[in-house]
Amino acid sequence: MMVRARVARHRAAVVGAVAVLLAATACSGADCAFDDCPDVPAAEAGRLTGTDPSGAVRWTTTVADLLSEPPVVSNGHVLVVGCHATHVVDVASGAVSTPSDLVQVIGVVQRYAVGTPAEGDAIVAAERLDGAVGGWSWQGSPPDEDADLGYRSSAVVTRGGIVGVRGQSLVAWSPGSDSWDSVEVPLPVGAWRLQRLVAADETHVVVPGSDGSVLGVDLGSRSVTWRSLPTRPAAPADVSVRRVGRDVQVEVWYPRTTVAAITGEAVWDTERWSLDARTGAARSPRTTSTGPRSTTRRAPSPTVLHDPSTGWTVTLGLRERPRGGCF
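My aim in this report is to walk through the structure given alongside it, one point at a time. Everything numeric in this text was worked out from a predicted model, so none of it was measured. (Residues numbered from 1 in each chain as written. Predicted model: local features only at pLDDT ≥ 70, side-chain atom pairs only at ≥ 80, totals over all residues. Heavy atoms only, no water.)

Details of the packing of aromatic side chains
- Tallying each qualifying case throughout the model produces 5 aromatic pairs.
- When the ring of Trp 136 is compared with that of Trp 173, the centres are 5.2 Å apart and the planes differ by 55°; the resulting orientation is tilted. Highlighted residues: Trp 136 in strand S10 (residues 135–138) and Trp 173 in strand S13 (residues 169–175), separated in sequence by 37 residues.
- Given a relative accessible area of 13%, Trp 173 falls into the buried group.
- Measuring from centroid to centroid gives 4.9 Å for Trp 138 and Tyr 151, while their planes differ by 80°, and the two rings are edge-to-face. With a gap of 13 residues between them, Trp 138 in strand S10 and Tyr 151 in helix H2 (residues 145–154) connect regions that are remote in the sequence. With respect to class, Trp 138 is no different from Tyr 151; both count as buried.
- Ring pairing ties together the aromatic residues Tyr 112, Trp 136, Trp 138, Tyr 151, Trp 173 and Trp 180, which thus form one cluster.
- Across the ring face of Tyr 254, the terminal group of Arg 232 is positioned such that the distance to the ring centre comes to 4.1 Å.
- Sitting over the face of the ring of Trp 273, Arg 286 holds its NZ or CZ atom 3.7 Å from the ring centroid. (Phe/Tyr/Trp six-rings, centres within 6.5 Å; stacked < 30°, edge-to-face > 60°. Helix = DSSP H or I, 4+ residues; strand = E, 2+ residues; numbered from the N terminus. Buried < 20%, exposed > 50% of the residue type's maximum accessible area, 1.4 Å probe, protein only. Lys NZ or Arg CZ within 6 Å of the ring centre and 35° of its normal.)

A look at the state of the cysteines
- In the structure shown here, the tally under the stated rule is 1 disulfide.
- The disulfide that involves Cys 37 links it to Cys 83, with 2.2 Å between the sulfurs. Torsion about the S-S bond of the Cys 37 and Cys 83 cystine: about 85°, corresponding to right-handed handedness. With Cys 37 in the loop between helix H1 (2–25) and strand S1 (46–51) and Cys 83 in the loop between strand S4 (77–81) and strand S5 (86–90), the pair connects residues that are 46 residues apart, well separated along the chain. (Disulfide = S-S within 2.5 Å.)

Digging into the sheet that holds strand S23 (residues 304–306)
- With respect to topology, 4 strands assemble into an open sheet ordered S2-S1-S24-S23, the strand pairing being antiparallel. Either end of the sheet is taken by a strand with one partner, and the two such strands are strand S2 (57–63) and S23. Sheet twist, expressed as the average angle between the axes of neighbouring strands with direction ignored, equals 20°.
- Two strands pair when backbone bridges link them, and S1 and strand S24 (residues 313–317) are joined in this way by 5 bridges, in the antiparallel orientation. By the bridge assignment for S24, Leu 48 is matched with Leu 316. (Pairing = 2+ DSSP bridges. Axes fitted to C-alpha atoms, helices over the stretch in contact; angles between N-to-C directions.)

Focus on the sheet that holds strand S6 (residues 96–97)
- In space, the 4 strands of this open sheet follow the order S3-S4-S5-S6, with antiparallel pairing throughout. Of all strands in the sheet, those with a lone pairing partner are strand S3 (72–73) and S6, marking the two edges.
- The pairing of S3 with S4 spans 2 bridges and is classified as antiparallel. Among the inter-strand pairings, Val 73 is bridged to a residue of S4, identified as Val 78.

Some words on the layout of surface pockets
- Its volume calculated, the second largest pocket comes out at about 160 Å³.
- Around the second largest pocket sit Asp 146, Ala 147, Gly 150, Tyr 151, Ser 153, Val 165, Gly 167, Gly 190, Ala 191, Trp 192, Arg 193 and Leu 194, which together line it.
- In terms of residues, the lining of the second largest pocket owes the most to one element, H2, which gives 5 residues.
- Taken together, the residues of the lining of the second largest pocket sort by class into 6 nonpolar, 4 polar and 2 charged. (1 Å grid on protein atoms, 1.4 Å probe; cavity = no way out; pocket = protein on both sides within 12 Å on 5 of 7 lines; lining within 4 Å. Points joined across faces, edges and corners; volume = space filled by probe spheres on them. Nonpolar A, V, L, I, M, F, W, Y, C, P; charged D, E, K, R; others polar.)

Laid out in structure tokens, this is it:
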């Protein structure tokens, strides 16, 4: 009873303090004025600078937006995902394109922005960056909203196409002479939901499997060439793969407890190992650690991006989208 009384008094004190804070900031109900995506005046637009392989600065441009996600490099372009729109910046010229018919841009393939269409039932679509007439879209038959979402959330671009998993098939698209050509590869399992593939090169793709395994796919032979299993196949709560140089680092999370620890975060067992993306050969021994999952904290956006395909470097000076709000 003594413990309960102390807890009750503590809660009352916290509630009172929060009420005072809200009253002081007028941040409640109809008085809340928080804007998580405010307009950016031209004078406050973020600045981007392009540097060629010799180290010479060749261009500077501005983008009047706030970053919603960390920017990424895609085939000679930088994707700047702002809260107002996604902006595609050419690393060699600084030219900025803002796709109008895509709500999410996955990457750039041969001067096409590829992503989720704003309208219609297409799974993915391609829009010309120069604004000229022409493009491409793919609609599955029969329609399957869950499988379509799985494709969009798993898809990545390679130098010449886009690759994702729909259901239990890996589907790759690349521009042909007059149209986009597809390659399909049957998989033993689907992809882990909301985790993207890794494109090792033009013909080798690594898939985080829905059962926690990791699959290596050769698009040239249209086959699964290797598979790496987790040590506890029935227990994974999440799995991800990311490219590190020529290899792929695998992380599999197992829940130790779902009760928040003193830090306020759940505790996980995390298994890590590295593989050769093309052969599946082990590059490092498996290690396991226990603690809060580091990915629960949002990583800061990089300020310098290097494009390996051109050798150019882009320096970004954009502010982050405000996080938080009224309570």
